[in-house]
Amino acid sequence: MEIPWKPRRNLDQLEAMAHVPRSMQTIAGWGRIGTPGTEILSEDLERLSVGAVLSRGLGRSYGDSAIPPSDAPTVATTTLADRILGFDPESAVLRAEAGVSIEQLNRRLLRKGFFVPVTPGTQFVTMGGAVAADVHGKNHHVDGCFGSHVLRLKLRVPDGRLVEATPDGEHSDLFWANVGGMGLFGHILEVDVKMKAVPSPWIAQQTERVDDIDQYIDLLKERAAEFPFTVGWIDCLSTGKNLGRGTLIAGKWASAEEAPRRFPEPKRRITFPMELPSWALSRPTVQAFNTLNYWRHLPRKMNGLVHWETFFYPLDMIREWNRMYGKRGFTQYQCVLPDAAGRGAARRVLELLSRRGGASFLCVIKDCGEANRGLLSFPMKGISIALDIAVRDDTQALIDALNEQVLSDGGRIYLAKDQFTRPEHFREMEKARLGRFLEARDRWDPQRKVRSRQSERLFGDRAAT
Ligand SMILES: Cc1cc2nc3c(=O)[nH]c(=O)nc-3n(C[C@H](O)[C@H](O)[C@H](O)COP(=O)(O)OP(=O)(O)OC[C@H]3O[C@@H](n4cnc5c(N)ncnc54)[C@H](O)[C@@H]3O)c2cc1C
């Protein structure tokens, strides 16, 4: 199949662009809590990755995983290295530079009948970021995480060598350390991933109103048998018998017969115009928004064909929507609660949030399947809950309380979202897995050359003296 290759810029241009340093700026995650630092960029990842610094993609991780450490405030941003290096429609295997985004792949390959095997709730995510966070989507219960579809990584490891790693062959330990390893094993330069052939670019969607959290969990598990994609939006300010009410969305790719013949036009995007003052996100505003959203869904169940972007990426319709959280920014708290803890575990998290007055605009619930071999990959068989929380004076105390609750039910948190978890909570949540992760770091980066703000906070990383 003809994939229009993007030629590299000529050598003179490249020379001028290589290691384009930007002046000191604020480097932040999507939650907008940043620190001063410098980004270096180049089209040539082999050159950019010489000298071990943290990699960064499109900065869509919410917390501090793509923020450089305090004593070496530089990140190597991959977004100029955005070439598709090859695609074989027979095997559906794609090779791409780490800076290629899911949005670019969707734009170029969906017309030809291929989609990424797993997509998060935004398409503005690079291949490198998708592997490093081992992102999951609405199909985790069927297809697992992104890393489970990756066949090969080309890496620059912290000692400077270029290395290839595969899931079951060469350097498989390094492969699974990188999958969910939050960039701490060096730079991912290239990713081979098996794409998914889809019958049409339309989604057959079913939405239904759900009365409370217990019904939610039962329905999520039931719909999972029928639909490859499921997700729920929860009104997290509802209480009492309505606690956890919301809308459950399920979907599957429409067949060629069901789908309209035309290829859907790309969705128009608007930009959020300004930072909002903190009162704009007060409890009454969130309550009004959530109530409206819930009652918008008057019939109990609705079916229809929808645009793939509407289904997978509703939040992408408003660029820079994170400005809504103003100067102090926000955090997303995402945990997964094992099925073994019973469905009461999700109820306990929502009750705690409600007791402590946490008002979350966005509360998303997902069904997770089995964990993969990623040493710190997030999902496990159970239910994941994600809450957007505006930063206030008591945010640390709220996250501490949520973590204690999640710990007591055997759950864990998602590093791609986190900026507030204390190391002692993290160690306790990950006590069964952390040893192997740290051993892998000792093997591949004994001097801890590659560090992030997150690794300083959670692993106590410091530069070797
Ligand atoms: C609106 C929204 C919805 C989201 N929904 C989901 C969801 O449904 N499921 C989900 O799993 N996640 C979700 N996310 C989180 C997002 O998918 C991840 O944080 C992803 O890692 C971001 O990719 P990025 O390219 O922006 O990477 P960055 O945020 O820039 O970096 C993330 C991590 O990847 C590392 N990294 C990046 N590039 C490389 C590289 N080349 N080599 C080595 N390490 C690298 C960084 O060091 C960092 O640790 C969502 C985020 C947003 C903003």
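From a predicted model like this one, the values you see are computed outputs, not experimental measurements.

Quick look at the nonpolar core now. Val131, Val191, Ala346 and Val349 are the most contacted members of the largest nonpolar core, which has 109 residues in total. Looking at which element gives the most residues to this core, the answer is strand S21 (residues 382-390), with six residues. Discounting chain neighbours no more than four positions away, the residues touching Val349 are Cys335, Ile385, Leu402, Gln405 and Val406.

So, on to helix H11 (residues 395-408). For H11, with 14 residues, the first-to-last C-alpha span of 20 Å sits near the 20 Å given by 1.5 Å per residue. Those residues of H11 that fall on the buried side of the exposure criterion are Thr395, Leu398, Ile399, Leu402, Asn403 and Val406. Mapping the buried residues of H11 onto a view down its axis gives an arc of 135 degrees, with all of them on the same face. Of the exposed residues in H11, those oriented more than 90 degrees away from the buried face are Ala397, Glu404 and Ser408. Residues of H11 that are buried sit in contact with strand S19 (330-338), helix H10 (344-355), S21, strand S22 (412-413) and helix H12 (423-429).

Now for the environment of Val191. For Val191, the position within the fold is in strand S11 (residues 187-194). Using a count of 24 C-beta atoms within 10 Å as the deciding quantity, one classes Val191 as buried. Sequence separation of Val191 and Thr77 is 114 residues, and the distance between their C-alpha atoms is 16 Å. Discounting chain neighbours no more than four positions away, the residues touching Val191 are Ala96, Ala98, Met127, Val131, Val150 and Leu153.

A few words on the pairing of strand S6 (residues 84-88). Of the pairings in the sheet, the one linking S6 to strand S7 (residues 93-97) comprises four bridges and is antiparallel in character. Paired with Phe87 across the strands is Leu94, a residue of S7. Where S6 folds back onto S7 in an antiparallel hairpin, the turn is made up of four residues, including Ala92, whose phi is positive at roughly 65 degrees.

Strands pair in a sheet through their backbones, by hydrogen bonds, and they do so in one of two ways: parallel or antiparallel. A sheet is described by the order of its strands in space; here eight strands give the open sequence S17-S13-S15-S14-S20-S21-S19-S22, paired in antiparallel fashion. The sheet terminates laterally at strand S17 (301-307) and S22, the two strands that pair on one side only. The pairing of strand S14 (residues 229-234) with strand S20 (residues 363-368) spans two bridges and is classified as antiparallel. Bridge pairing in S20 links Trp233 to Val364. Against the sheet, H10 makes contact with S19 and S21, and its axis sits at roughly 10 degrees relative to S21, the strand it touches most. Here H11 sits on the sheet in contact with S19, S21 and S22, set at roughly 10 degrees to S19.

Taken together, 32 residues form the shell around the ligand, and within it Gly57, Pro120, Gly128, Gly129 and Gly183 come nearest. Sorting the residues of the shell around the ligand by element identifies strand S4 (54-56), helix H4 (127-132) and S11 as the ones contributing at least two each. Classifying every residue of the shell around the ligand gives 14 nonpolar, 16 polar and two charged.

Let's shift gears to the domain arrangement of the chain. Taken as a whole, the chain is organised into domain 1 (18-77), domain 2 (84-197) and domain 3 (202-428). For domain 1 and domain 2, the distance between their C-alpha centroids amounts to 20 Å. Contact residues are listed per partner, giving 13 residues for domain 1 and 20 residues for domain 2. Secondary-structure elements contributing two or more residues to the side of domain 1 that touches domain 2 are helix H2 (45-48) and S4.

Thresholds applied
- Residues numbered from 1 in each chain as written.
- Predicted model: local features only at pLDDT ≥ 70, side-chain atom pairs only at ≥ 80, totals over all residues.
- Core = buried A, V, L, I, M, F, W, Y, C linked by C-beta atoms within 7 Å.
- Buried ≥ 20, exposed ≤ 12 C-beta atoms within 10 Å, placed from the backbone.
- Helix = DSSP H or I, 4+ residues; strand = E, 2+ residues; numbered from the N terminus.
- Contact = placed C-beta atoms within 7 Å.
- Expected span 1.5 Å × (residues − 1).
- Arc of directions from axis to C-beta.
- Pairing = 2+ DSSP bridges.
- Axes fitted to C-alpha atoms, helices over the stretch in contact; angles between N-to-C directions.
- Near = placed C-beta within 6 Å.
- Nonpolar A, V, L, I, M, F, W, Y, C, P; charged D, E, K, R; others polar.
- Domains from an automatic or database assignment.

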